[in-house]
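Architecture at a glance
The lines below spell out each chain.
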Amino acid sequence: MSPSVFNFVDAKDKFTASAIHALAAKNGKQLVNAFNQIPGNETEKKTTLDQALRGVLGDQIVEQKASCDEYLSLIYLSIDAVTEGICSATTPFLLLGDVLDCLPLDQCDKIFSFVEENVSTWKSNSFYTAGKNYLLRMCNDLLRRLSKSQNTVFCGRIQLFLARLFPLSEKSGLNLQSQFNLDNITVFNKNEQESTLGQKHTEEKEEGMEVEEGEMGEDDAPAPCSIPIDYNLYRKFWTLQDYFRNPVQCYDKFSWMTFLKYSDETLAVFKSYKLDDMQASKRKLEELRATGGEHVYFAKFLTSEKLMDLQLSDSNFRRHILLQYLILFQYLKGQVKFKSSNSVLNDDQTTWIEETTKLVYQLLREIPPDGDKFATMVEHILNTEDNWNSWKNEGCPSFVKERTVDDKPKRPTRKRQAPEDFLGKGPDRKLFMGNDELTRLWNLNQDNMEACKSDSREFMPSLDEFFAEAIEQADPANMVEDEYKVVRNPNYGWRALRLLSRRSPHFFQPTNQKFKSLADYLDSMVSKLAKELPKDIPSEEIKTGEEDDDDNGDNLLKDSNDSPSIQSKMVTNQQMDDMAAKLGAQWKTLASHLEMKAAELREIETDSEDVDMQAKLLLVAWQDREGTQATVDNLVTALNAAGFSQIADSLSEA
């Protein structure tokens, strides 16, 4: 009989019925049995089972009778199916995405709790590679549905889940280019004519204001503000948020002057209006400790003019503003890889930032409660952030260091004999060194250390005496074959180098001639000595003392290193900016000549849509890969090969 032909419709119906029974029995054995009984190859059956599970979930959602627990039971069933090898690894993530897309936000909260609890499952080898992109897309879809101000806790849970799921070196979760959220615009009243500051709100005082939970009552009201709050202070205070949103503005001369003026006035208000004089500070601190330290915060600043005096007397609000200053100063002073070459502070700006930083930390320490502790913690966190920026500037190297595995078996160590085991055991108390020649040399004298100190050992032959035999053998008339020449003897060669370093001027002279072996080098030196020794070259020591030798060698090395042909110029950040602007959309033409991989090009296109920035990213990637070889000469060669001769000429002239 011929084997049965796979039928998709019948197989899907059987899988659907088996899935429903498995859900009712809370056991996946029926699904495994159905998979084994249906004919066909595994790929066809896996695809059909994936469709059947999604179909069962779709029916549950359409009927609107199932609860979140029933949805989760189906997802658990799909996880067991993946573990048994009868289902695709992406199916649980597809089911999760379908459920979250169809349910309201209050039920999504419960489903996402299941996702958080099973983070170890998603990070396992069976699921991580197949599902990490699905989970990332699912979380981004949820974040788009949630309100940052109303669903702040839910948004934070999603961000923490992604941080637990992906490793620190995952580039999809890193802000590699140090971009800012420019959409976070703080809206406030910019029309002075509509301002109500300075007016007496008699109607509000007569009618009274309803006190909501968490607000101050009449007994807890703060003391009247000692600083007059007018519209100018209100406008300048909230204008600073635009600089905190986009710190690059501070590198502009006129924007910096505005920021400097507004900051001095704002910090002067903080300095003159101390929170220690508040009537309700101690009472609020006691209530805070009694409630277990729960803090109430908002994701967005409230910019109403009526709240200005209350905000200035709020410790959390002050800490928010002062912390923004410290973060801004750290960016302005820090080394960021993708900063523009024009983003440099002058000496006056640097001095002002350093002085203002000290003032900000002083103000933080003066804010109750626990001002000193809070300021110390902030300083520690910002120092850690410096290390994080340095890690990103280095290209985000992996935190995991691979252990070197030595596959070679270790040789058993042989225990060395003690001196009393072999000293004086032979005839005439001779010491045996394990080799006849070594034994003879060792026993030439009874005290070898004294023999080494003998004056007869302090000698140095002259060049003509030492090289006489070599010069004679080098003469073609003597017809000595190369293999029998003394320069072929390694022992002779080592002694010859020692003598040349002390007596010959040719030893330290640089040469472009290449020698394959020591014997070839000695042949060359012998030919030079043969021409010079019979004439006027005395066989006296040219350099006496190791210091002179070291000085001579250092000077020659220094002269050699100063040569422009050896020390090539490295490509600077300014040159890369200029080249990126000139290349523009033609940067891909240069990429092939820089030997960049297709994956790297796709990553550059993903990181930025601006063609000038893409060209800059290309040059930065090439510089990171080449290291010390990222020179102007190598880049000029690549530019000429790519047909950018004008850019190459301008780079050479720079």
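Residues numbered from 1 in each chain as written. Predicted model: local features only at pLDDT ≥ 70, side-chain atom pairs only at ≥ 80, totals over all residues. Heavy atoms only, no water.

- The name an unreviewed UniProt entry gives the protein is THO complex 1, with Dicentrarchus labrax as the organism.

**Some points on the overall build of the protein**
- A tally of helices and strands in the protein yields 31 helices and zero strands.
- Here the protein, with 654 residues, has 33% of them falling under the buried criterion.
- Looking at the protein alone, contacts between residues at least 24 apart form 71% of all its contacts between residues at least 6 apart.
- By element, 50% of the accessible surface of the protein is carried by carbon and sulfur atoms, the whole surface being about 43,100 Å². (Helix = DSSP H or I, 4+ residues; strand = E, 2+ residues; numbered from the N terminus. Buried < 20%, exposed > 50% of the residue type's maximum accessible area, 1.4 Å probe, protein only. Contact = heavy atoms within 4.5 Å. Areas by Shrake-Rupley, 256 points an atom, 1.4 Å probe, with all protein chains shown as cover.)

**Some words on helix H1 (residues 8-25)**
- Taking 1.5 Å of rise per residue, the 18 residues of H1 would be expected to cover 26 Å, and the 25 Å separating its terminal C-alpha atoms lies within 8% of that figure.
- Buried residues in H1 make contact with helix H2 (29-37), helix H3 (42-63) and helix H4 (68-84).
- A side-chain oxygen of the first residue of H1 lies 3.1 Å from the backbone nitrogen of valine 9; this N-cap is asparagine 7.
- Immediately downstream of H1, the backbone of lysine 26 shows phi near 55°, a positive value. (Expected span 1.5 Å × (residues − 1). Polar contact = N/O pair within 3.5 Å; in protein donor to acceptor, adjacent residues only side chain to side chain.)

**Considering the pattern of salt bridges**
- A complete count under the given rule lists twelve salt bridges for this structure.
- Note that glutamate 116 and arginine 157 form a salt bridge whose closest N and O atoms lie 2.7 Å from each other. Taken together, the residues glutamate 116 in helix H6 (residues 105-117) and arginine 157 in helix H9 (residues 152-165) connect sequence positions 41 residues apart.
- The partner of lysine 616 in a salt bridge is aspartate 577, with the nearest N and O atoms 2.8 Å apart. Within this pair, whereas lysine 616 is found in helix H29 (residues 611-626), its partner aspartate 577 is found in helix H26 (residues 573-583), the two being separated by 39 residues in sequence.
- Residue classification places lysine 616 among the buried positions, given a relative accessible area of 8%.
- A relative accessible area of 18% places aspartate 577 in the buried class. (Salt bridge = Lys/Arg side-chain N within 4 Å of Asp/Glu carboxyl O.)

**Remarks on the nonpolar core**
- Core analysis: the largest hydrophobic core is formed by 54 residues, its most contacted members being Val115, Trp122 and Phe161.
- Ranked by residue count, the leading element in this core is H4, at nine residues.
- If near-sequence neighbours (up to four positions away) are discounted, valine 115 is found in contact with Leu96, Trp122, Leu135, Met138 and Phe161.
- Judged by nonpolar contacts, the second largest core, of 46 residues, contains Trp238, Trp256, Tyr325 and Leu328. (Core = buried A, V, L, I, M, F, W, Y, C linked by side-chain atoms within 4.5 Å.)

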